[in-house]
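# Examining the three-dimensional arrangement
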Number of protein chains: 2
Amino acid sequence: MKKNILVGQSGGPTAVINGSLYGVVTRGLESPDIHKVYGMINGIEGFLNGRMMDMAALEEDGTLPLLKTTPGAYLGSCRYKLPEDLSDPVYPELFARFADLDIQAVFYIGGNDSMDTVSKLSRYAASHDSDIRFIGIPKTIDNDLVLTDHTPGFGSAAKYVASTVREIGVDASVYDNKPSVTIVEIMGRHAGWLTAASALARKFEGDNPVLIYLPETAFDQERFLSQTREALKKKNNLVICISEGIHDADGTFICEYASEVGTDTFGHKMLTGSGKYLENLVKEKLGIKVRSVELNVSQRCSSACLSRTDLEEAVRAGSFALDCAMEGKTGVMITFERQEGSSYQMVPGTADVNQICNEEKVVPAGWITPDGCDVTESFLNYARPLIQGQVEVPQEDGLPHFIYRK
Amino acid sequence: MKKNILVGQSGGPTAVINGSLYGVVTRGLESPDIHKVYGMINGIEGFLNGRMMDMAALEEDGTLPLLKTTPGAYLGSCRYKLPEDLSDPVYPELFARFADLDIQAVFYIGGNDSMDTVSKLSRYAASHDSDIRFIGIPKTIDNDLVLTDHTPGFGSAAKYVASTVREIGVDASVYDNKPSVTIVEIMGRHAGWLTAASALARKFEGDNPVLIYLPETAFDQERFLSQTREALKKKNNLVICISEGIHDADGTFICEYASEVGTDTFGHKMLTGSGKYLENLVKEKLGIKVRSVELNVSQRCSSACLSRTDLEEAVRAGSFALDCAMEGKTGVMITFERQEGSSYQMVPGTADVNQICNEEKVVPAGWITPDGCDVTESFLNYARPLIQGQVEVPQEDGLPHFIYRK
């Protein structure tokens, strides 16, 4: 007898998280072993409240292909953490819902916290003789998941960051007869992958961004000022890229010097303002023209800088996840393994989700220059293939045509 | 005998200011009546310091076509105001330089202040029997020049704003089970054209942005809060667009209230924008999740959202300016006249630059709704044709390929 599958999205959106959803849904709809493909609305939290949809509707109204180029999370997202205690009544409640819907496999597309959900559900299943398979599909612009070469979502965000920093460099250079500093604040609390990607923006040696600061290295304000002073001797218009999460040797976030910070529902510190703080610092200490630019949410939702490589891999991660579930795999996350050789080739695989959900992959120390203000050629060789290729986004009336739930 | 021409760029850059430069240069290089096409480096200020280049170099090395899709000001810009007093010695100095170079016509691509330069130079020429022609070519994302339907640069910036606000709306809706407000701050100190363009982002009636505030209408904080409260009754995730230059009935900029918000570790007031101030206001008065996004410089330098209509018109403004100069016109700015009829058609013309340089065109009161928080269908009909069409930007290694002075 045919069974059904269930797919959901969780955590912050990316430009290609719907690409993975597209991969799961199209593979599910074409599979002779699968009856219905259900989508959770607002992740596991919405599902608990009975919110779901039949994904065949998108095939019927012809909008399914638009999923691939629509940023955000089509199904809606949540930031809901399942209880640590597997004897909590929420688990039998969830599994009763799965049984009601005759669910054979659950796919959860997300980052660290979502892999935590996959881990708990698969462990609960194992201890309760359930044969439902739980597969995690990675997405995060932060690229901070372990056991995979990279994560879908990073390539497009990196392409957006590099393109935009290149444009900001062009903009900064129009008054090249007067000294100026532009500080660009890039997303990344603990991992500096995205900020490091700004190095791809350089058109020639010595081009902007001339200084790059990641959270992997302790940020010293005096050293920052002296490195800025030195760079101004060689170049009039500096672009300096920093991670939102840069902190000093004591672990104090630079933005904490600027303003109060709140915490989100996971207890993460909410960050804002490192760029603004450094703007004030440069103005005060160096007395030159300075501005700061926060790249903000466009890093994760711009459709204009989609990386074709990233989008294709995101779709593949979705369809591969379905194949893995059909083979009986559970409690795993889809990974990417880069093949040896001169041309870029990525092979999908799987890894134990329990080894992923509480780990964080940061930029290796060897990929950061000893002076702590740049990345090495090794990083560039790693990142460059991930931003290759453009994606044509369908247009309507001069603007990108996005799909949305009605 | 063949003569030479001189072209310069001034004021803030746009995504298509180099398109107009391309128009002047290509038309100049192909003209049998013109010998050399010189470019001023850093506008009239750089030219006074002897900084210039022969534009044929770009034809020789094959990079000329890249000008069209390179944002920023290829020749560099300046913010230099010529003296009001035409008997100032800078004028004979400039005209001696023009004579040395055998200049027949000068083209200045810029906004209000640049038209002021064209006005002064053409008036000086008229009063000193010089037959050098001075032509202004408009560019400004602000769209605030009078006597023209619109200005090159606005269409691409409007397309960037509308696309980005649409993406921010998608991003904001992923947690659609929880109320939230996203405030988007858009460029425009006195004229709200760009902020108004955010209305194009709506995918359906009632879609985001649900509230739009222009500097043409006095901003009342209490009314803003009550309009936000009302909107939250109908929709969970609001996107609200504001001009950076919104001000209250007394003329106090809203961002001026922001300086009272906090101080940094130096004891300095943190200078933040109108968006940040309203973010804090909503947090304090409505107690819901709120964030602010400043679209910042990408509005004027993004190459990813170039409007083909805008770029074609920018190039045409440049080549048409050359034709006008050859016909003997001087002291004029290139304008666009929209033709009557159902399909969009724009015809270039000229207007007396003296009637332009000290005026500012704002959004007509009739195009703003009576409640001051939206624009009318008339504005949408005006703006929609300007964002049509995409431009393929040449790529190198996964990123836009820009031309730059070496």
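Scope of this entry: the structure provided in the associated data block. (Residues numbered from 1 in each chain as written. Chains lettered and ligands numbered in written order. Predicted model: local features only at pLDDT ≥ 70, side-chain atom pairs only at ≥ 80, totals over all residues. Heavy atoms only, no water.)

So, about the overall build of chain A. Along its length, chain A carries 12 helices and 13 strands. Radius of gyration (C-alpha) of chain A: 22 Å, near the 22 Å computed for a compact globule of 406 residues. Overall, the C-alpha framework of chain A stretches about 75 × 45 × 45 Å when taken along its three principal axes. Sorting the 406 residues of chain A into buried and exposed places 64% on the buried side. Across chain A, contacts joining residues at least 24 apart in sequence account for 76% of those joining residues at least 6 apart. For chain A, the computed accessible surface area is about 14,800 Å², with 47% contributed by carbon and sulfur atoms. Across chain A, the 39 positively charged side chains and the 55 negatively charged ones have centroids separated by 5 Å. (Helix = DSSP H or I, 4+ residues; strand = E, 2+ residues; numbered from the N terminus. Rg over C-alpha atoms; globule rule 2.2 N^0.38 Å. Buried < 20%, exposed > 50% of the residue type's maximum accessible area, 1.4 Å probe, protein only. Contact = heavy atoms within 4.5 Å. Areas by Shrake-Rupley, 256 points an atom, 1.4 Å probe, with all protein chains shown as cover. Lys, Arg positive; Asp, Glu negative; His and termini not counted. Charge placed at Lys NZ, Arg CZ, Asp CG, Glu CD.)

What follows covers the sheet that holds strand S1 (residues 3–9) of chain A. Residues and elements named next belong to chain A. Pairing within the open sheet is mixed, and its 7 strands lie in the order S3-S2-S1-S4-S5-S10-S11. Of all the strands in the sheet, the pair left with one neighbour each is strand S3 (52–54) and strand S11 (346–352). With direction set aside, neighbouring strand axes in the sheet form an average angle of 30°. Here strand S4 (residues 103–110) runs beside strand S5 (residues 133–138); their pairing, made up of 6 bridges, is parallel. (Pairing = 2+ DSSP bridges. Axes fitted to C-alpha atoms, helices over the stretch in contact; angles between N-to-C directions.)

Right, let's talk about the environment of Leu306(A) for a bit. Residue and element names in this part refer to chain A. Tracing the backbone shows Leu 306 in the loop between helix H10 (298–301) and helix H11 (308–326). Note on Leu 306: relative accessible area 3%, which makes it buried. In the structure, Leu 306 is positioned 179 residues away from Ser 127 in sequence and 42 Å away in space, judged by C-alpha atoms. For Leu 306, the residues in contact, after removing those within four places along its chain, are Ala 15, Val 16, Thr 69, Ser 156, Lys 159, Gly 389, Gln 390, Val 391 and Val 393.

Residue and element names in this part refer to chain A. Burial of S4 is extensive: 8 of the 8 residues sit out of reach of the surface. In this sheet, S4 lies alongside S1 in parallel orientation, the contact comprising 6 bridges. Paired with Asn 4 across the strands is Ile 103, a residue of S4. As a crossover connection, the stretch from S4 through helix H5 (residues 112–127) into S5 is right-handed. (Right-handed = clockwise from strand over helix to strand, strands pointing away.)

Applying the stated criterion to the full structure yields 34 aromatic pairs over all chains. Their ring planes at 85° and their centres at 6.1 Å tell us that Trp193(A) and Trp367(A) sit as a pair that is edge-to-face. Here Trp367(A) lies in the loop between S11 and helix H12 (377–383) and Trp193(A) lies in helix H7 (residues 193–196), a separation of 174 residues in the sequence. Taking relative accessible area as the criterion, Trp193(A) reaches 2% and is therefore assigned buried. For Trp367(A), a relative accessible area of 21% gives the class partly exposed. Considering the side-chain rings of Phe95(B) and Tyr124(B), the 4.8 Å spacing of their centres and the 45° angle between planes classify their relative orientation as tilted. Separated by 29 residues along the polypeptide, Phe95(B) in helix H4 (residues 90–100) and Tyr124(B) in helix H5 (residues 112–127) bring together distant segments of the chain. Side by side, Phe95(B) and Tyr124(B) carry an identical accessibility label, which is buried. (Phe/Tyr/Trp six-rings, centres within 6.5 Å; stacked < 30°, edge-to-face > 60°.)

Further remarks concern the relation of the copies chain B and chain A. Taken as rigid bodies, chain B and chain A are interconverted by a rotation of 180° and an axial shift of 0.0 Å, the fit giving an RMSD of 0.1 Å. As the rotation angle and translation indicate, the two copies are arranged about a two-fold axis. The overlap is high: 90% of the interface residues of chain B also sit at the interface in chain A, so the same surface is used on both sides. (Least-squares fit on C-alpha atoms with pLDDT ≥ 70 in both.)

This brings us to the side chain of Asp248(B). Residue and element names in this part refer to chain B. If you trace the backbone, Asp 248 turns up in the loop between strand S8 (237–243) and helix H9 (254–258). Despite its burial, Asp 248 pairs with no opposite charge; the closest candidate is Arg 223, at 12 Å N-O. In this view, Asp 248 contacts Ala 218, Phe 219, Ile 254 and Tyr 257; residues no more than four positions away in its chain are not counted. (Salt bridge = Lys/Arg side-chain N within 4 Å of Asp/Glu carboxyl O.)

Before going further, it helps to examine the sheet that holds strand S5 (residues 133–138) of chain B. All names here are of chain B. Reading across from one edge, S3-S2-S1-S4-S5-S10-S11 is the order of the 7 strands in this open sheet, with mixed pairing throughout. Whereas interior strands pair on both sides, the edge strands pair on one side only; in this sheet they are strand S3 (52–54) and strand S11 (346–352). Across the sheet, the mean angle from the axis of one strand to that of its neighbour is 30°, orientation sign disregarded. As judged from the 3 bridges shared by strand S2 (residues 34–40) and S3, these two strands associate in the antiparallel manner. Residue pairing for S3: Tyr 38 is matched across the bridge by Asp 54. Against the sheet, helix H12 (residues 308–326) contacts strand S1 (3–9), S2, strand S4 (103–110), S5, strand S10 (332–338) and S11, and its axis sits at roughly 165° relative to S5.

Now for the packing of helix H4 (residues 90–100) of chain A against H5(A). All names here are of chain A. Closest axis-to-axis distance for the H4/H5 pair is 11 Å, and the angle between their directions is 80°. If you check the angle between H4 and H5, you find them roughly perpendicular. Facing H4, whose interface residues are Tyr 91, Pro 92, Leu 94 and Phe 95, H5 presents Lys 120, Leu 121, Tyr 124 and Ala 125. Along the lines of polarity and charge, the residues of the contact of H4 with H5 split into 7 nonpolar, no polar and 1 charged. (Parallel < 35°, antiparallel > 145°, perpendicular 65-115°, else oblique. Nonpolar A, V, L, I, M, F, W, Y, C, P; charged D, E, K, R; others polar.)

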